Structures are given as C-alpha cells and as structure tokens.
Amino acid sequence: MKHRMQYTRAAIASGVVALIVTLALLFISSGGRLYISEVDWSEVESMNYDEGQQYLTKRSREITRWESLKNGVTYSEFWLSAIADWLMYFSIGFVSCLVFYRLSQSNQSLNLTPKSGAN
C-alpha cells in the first residue's frame, strides 16, 4: 500500500509540474510574425539575404504572444504538440521520482542515512 501511495504522489507531482512547464513554454515560445499574403519560397531562395528579409517582412506582420496562442489553439497540431510535450515532461518527472524513491529505499535498507546526533 505504501508503494502505491508513493507512485500516486509521483504521478500527481509529475503531472502538475509537467503541465506548468508545458504552459510556460507554450507562452514563452509563441509570438513572432504572421504571413498575411502568399510567400513564393522559390523566389525567396533565389534572393540574397537582405532582399529575402525585405520580401518576407513586407508579407508579414508582428504578432503578440496572446495573438499567437489564440491562433494556435484552433489547430489540432498545436494540441498534439502540447500533449507530446506534456507527456515527455511527465515521463521525465515520473521516472525521476521513482529513481529517487528507489534510491532512498535502498539507502534506508542499507542504513546509509546518517543518524540524528551523529557527528
């Protein structure tokens, strides 16, 4: 029963931390430029860097992070990416919690933890 409780705590903690990290990274990585007219990428490839920058800047506008998120939530790719990120962070956190728990259990069984009052 004690082990099941540790796994449940590890899963809850990992899930919450993964959610916070995923939402923070979604917000931090959003924003940028939105293309408002069609871009001819073959034409961009034939330009030098400065010409390409000017061409792309004329066909785009700067958007805020909120605008980017608002546009993104309407696409299934946005949600699939967010779920994949959450699963990755959850897995890392959960495995880390389990490893820490196992190591602490093995230290207790070997009496490697220092006793209180020992110098």
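The sections below set out a description of the structure shown in this document. Along each chain, residues carry numbers from 1 onward, in the same order as the chain's sequence is written. In view of the model being predicted, local features appear only for residues whose pLDDT reaches at least 70, and side-chain atom pairs are presented and counted only at 80 or more, with totals across whole chains, interfaces and linings using the full set of residues. Based on all heavy atoms of the structure, the side-chain values leave hydrogens and waters out of the count.

### Section: helix H4 (residues 65-72)
Inference 1: Those residues of H4 that sit buried are Ser-68, Leu-69 and Gly-72. Along the axis of H4, the buried residues cluster in a sector spanning 95 degrees; they form a single face. Of the residues in H4, the exposed ones pointing more than 90 degrees away from the buried face are Trp-66 and Lys-70. Here's how the labels work: a residue is buried when its accessible area is under 20% of the maximum for its type, exposed when over 50%, partly exposed in between, all with a 1.4 Å probe on protein chains only. Helix and strand labels come from DSSP, where a helix needs a run of H or I of at least four residues and a strand needs a run of E of at least two; each type is numbered from the N terminus. Of all possible arcs, the one meant is that of the directions from the helix axis to the C-beta atoms.

### Description of the packing of aromatic side chains
Inference 1: Here is the rule: rings of Phe, Tyr and Trp (six-membered ring for Trp) pair when centre to centre is within 6.5 Å. Planes less than 30 degrees apart are stacked, more than 60 are edge-to-face, and the remainder are tilted. Applying the stated criterion across every chain yields a total of 4 aromatic pairs.
Inference 2: Seen from their ring centres, Phe-27 and Trp-66 are 5.3 Å apart, and the 55 degrees between their planes marks the pair as tilted. Of this pair, Phe-27 sits in helix H1 (residues 2-28) while Trp-66 is found in helix H4, placing the two residues 39 residues apart along the sequence.
Inference 3: Residue class for Trp-66 comes out exposed when judged on its relative accessible area of 62%.
Inference 4: Seen from their ring centres, Trp-86 and Phe-90 are 5.1 Å apart, and the 15 degrees between their planes marks the pair as stacked. Placement of the pair is Trp-86 and Phe-90 together in helix H5 (residues 76-109), with a separation of 4 residues, close to one helical turn.
Inference 5: Ring pairs connect the aromatic residues Trp-86, Phe-90 and Phe-94, which therefore count as one cluster.

### A word on a nonpolar patch on the surface
Inference 1: Patch membership is restricted to residues that have no salt bridge and whose relative accessible area is over 30%. Joining uses 9 Å for like charges and 5 Å for the nonpolar side chains Val, Leu, Ile, Met, Phe, Trp and Tyr. Surface accessibility in these figures is a Shrake-Rupley result with a 1.4 Å probe; residues are shielded only by whichever protein chains are displayed. Criterion for a salt bridge: a side-chain nitrogen of Lys or Arg within 4 Å of a carboxyl oxygen of Asp or Glu. There is a patch of nonpolar side chains on the surface, built from Val-17, Val-21, Leu-25, Phe-27, Ile-28 and Trp-66 and spanning about 570 Å² of accessible area.
Inference 2: Examining the composition of the nonpolar patch, we find that 5 residues originate from one element, H1, more than from any other.
Inference 3: With respect to the secondary-structure elements, Leu-25 resides in helix H1.

### Looking at the pattern of salt bridges
Inference 1: Under the defined criterion, the tally for this structure stands at 1 salt bridge.
Inference 2: In this structure, Arg-61 and Glu-67 form a salt bridge, with 3.5 Å as the shortest nitrogen-oxygen distance.
Inference 3: Looking at Arg-61, the relative accessible area reads 35%, which means it is partly exposed.
Inference 4: Judged by its relative accessible area of 28%, Glu-67 falls in the partly exposed class.

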